[in-house]
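# Architecture and fold: a report
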Amino acid sequence: MLKISIPGSVLISFALLFASCSHQLAPPGHYQNEPITIDGNINDWVLPLRFSNADYTMHYSVTNDDKNIYICVYSKSQTWQRRMLKSGMSIYFDSKGEKNKTCALIFPIKKTSGASDMASLNSTRPADHATTIAQLVLLSDYYNTLGFVNMENGQYDIKATQTDIRIAIKQDADSSLVYEASVPIQYVLGKDLSSGSGSKDFSVGIILNATTTAPTNRGYQSHSGHGGNSMGDSHGMGGNRYYGQNSYASQKAEEDWYTFRLAYKKPD
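A brief structural summary.

Attention now goes to the overall build of the chain. Tallying secondary structure elements over the chain gives 5 helices and 13 strands in all. Looking at the 268 residues of the chain, the share that counts as buried comes to 41%. When the accessible surface of the chain is summed, it comes to about 15,500 Å², and 52% of that surface belongs to carbon and sulfur atoms.

What follows is the structure in structure tokens.
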């Protein structure tokens, strides 16, 4: 029988190629040794929070224990705060470590035009910001659920206890905004976390909704101090944005995903 000898260097090359093509697991997440009290206070969290969006206007962290996934979102940006409270935000959970949007906690929910009028959402005067945010927080009093295991899709009062989801949102004295939530792992996996069940990739996505808002000065062409008219940002060097009679300012949805492996406490 003919024997074929394969050089060791070739075998090593094949091994390296196989390793490079194999799936690399995401890093393990952070185990939460003490349950977090969901009250809108950031002092339960390790600061600074671990992640941020591209513009550094929002920071967030995600941890878990055997029972819950904990999320904290923090922002000092007045623009980001108003957008989040007006247009709404969703927290997605993907047990396959991808970016599927079939399981979500939706809070805050997009405000209706009536609520927008009540909260004076078109106000841009700095002195009005704290009042506007306080009104919007009061109006953020219920949440929606989508795709959780053994739980009906629907709308729930933020203070109700018929589910084990906990949410709090609070404006601090320094005008920062803190959002906290805890979601039972069994609502996503169908069971509590046990040794080995966190060995697969898991993803949490924080999605700020797209927004379309009517401009304050319709049909008015404002000018910057540098002259020239541009369709660019209203604070840019090339001039302010032109708003026609039926024009609207719009922003695309903002997505921030964190992929990790659920952390579990190893038995003593």
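The 6 strands are arranged E7-E6-E5-E4-E10-E13 in an open sheet whose pairing can be described as antiparallel. Strands with a single pairing partner mark the edges of an open sheet, and in this sheet they are strand E7 (154-157) and strand E13 (254-261). Direction aside, the axes of adjacent strands within the sheet are offset by 20° on average. With 3 bridges connecting them, strand E4 (residues 89-94) and strand E5 (residues 104-106) associate as antiparallel partners. The residue bridging Ile-91 from the neighbouring strand is Leu-105, located in E5. Contacts from helix H2 (residues 78-87) reach E4, strand E10 (201-208) and E13, with the element oriented near 100° to E10.

This part covers the environment of Lys-170. As for its position among the elements, Lys-170 is in strand E8 (residues 166-171). Relative accessible area serves as the criterion here: at 34%, Lys-170 is assigned to the partly exposed category. Sequence spacing of Lys-170 and Ile-42 is 128 residues, and the spatial spacing of their C-alpha atoms is 9.6 Å. Within the local environment of Lys-170, its side chain forms a polar contact with the side chain of Asn-41, the two groups lying 2.8 Å apart.

Pairing between side chains of opposite charge can happen when their charged atoms approach one another. Counted under the stated rule, the structure contains 3 salt bridges. In this structure, Asp-174 engages Lys-76 in a salt bridge whose closest nitrogen and oxygen atoms are separated by 4.0 Å. On the criterion of sequence distance, the pair formed by Asp-174 in the loop between E8 and strand E9 (177-184) and Lys-76 in the loop between strand E3 (68-75) and H2 is long-range, its members being 98 residues apart. Taking relative accessible area as the criterion, Asp-174 reaches 43% and is therefore assigned partly exposed.

Counting 41 residues, the largest nonpolar core has Val-73, Met-89, Ile-91, Phe-93, Leu-105, Phe-148 and Tyr-179 as its most contacted members. Val-73 has contacts with Met-58, His-59, Tyr-60, Trp-80, Met-89, Leu-177, Val-178, Tyr-179 and Ile-206, leaving out every residue within four places of it along the chain. In terms of nonpolar packing, the next biggest core, distinct from the first, is built from 10 residues, Ile-36, Trp-45, Tyr-70 and Tyr-74 among them.

What follows concerns the pairing of E9. Residues in a regular strand point their side chains to alternate faces of the sheet. Among the 8 residues of E9, 8 are classified as buried, and the element is accordingly described as predominantly covered. Neither face of E9 is left uncovered, since the one carrying Leu-177, Tyr-179, Ala-181 and Val-183 and the one carrying Val-178, Glu-180, Ser-182 and Pro-184 both have all their residues buried. Sheet analysis places E3 next to E9, joined by 8 bridges and oriented antiparallel. Residue pairing for E9: Ile-69 is matched across the bridge by Val-183. Hairpin connection of E8 to E9: 5 residues between the antiparallel strands, including Ser-175 at a positive phi of 70°.

Here is what the cut-offs are and how they apply
- Residues numbered from 1 in each chain as written.
- Predicted model: local features only at pLDDT ≥ 70, side-chain atom pairs only at ≥ 80, totals over all residues.
- Heavy atoms only, no water.
- Helix = DSSP H or I, 4+ residues; strand = E, 2+ residues; numbered from the N terminus.
- Buried < 20%, exposed > 50% of the residue type's maximum accessible area, 1.4 Å probe, protein only.
- Areas by Shrake-Rupley, 256 points an atom, 1.4 Å probe, with all protein chains shown as cover.
- Pairing = 2+ DSSP bridges.
- Axes fitted to C-alpha atoms, helices over the stretch in contact; angles between N-to-C directions.
- Contact = heavy atoms within 4.5 Å.
- Polar contact = N/O pair within 3.5 Å; in protein donor to acceptor, adjacent residues only side chain to side chain.
- Salt bridge = Lys/Arg side-chain N within 4 Å of Asp/Glu carboxyl O.
- Core = buried A, V, L, I, M, F, W, Y, C linked by side-chain atoms within 4.5 Å.

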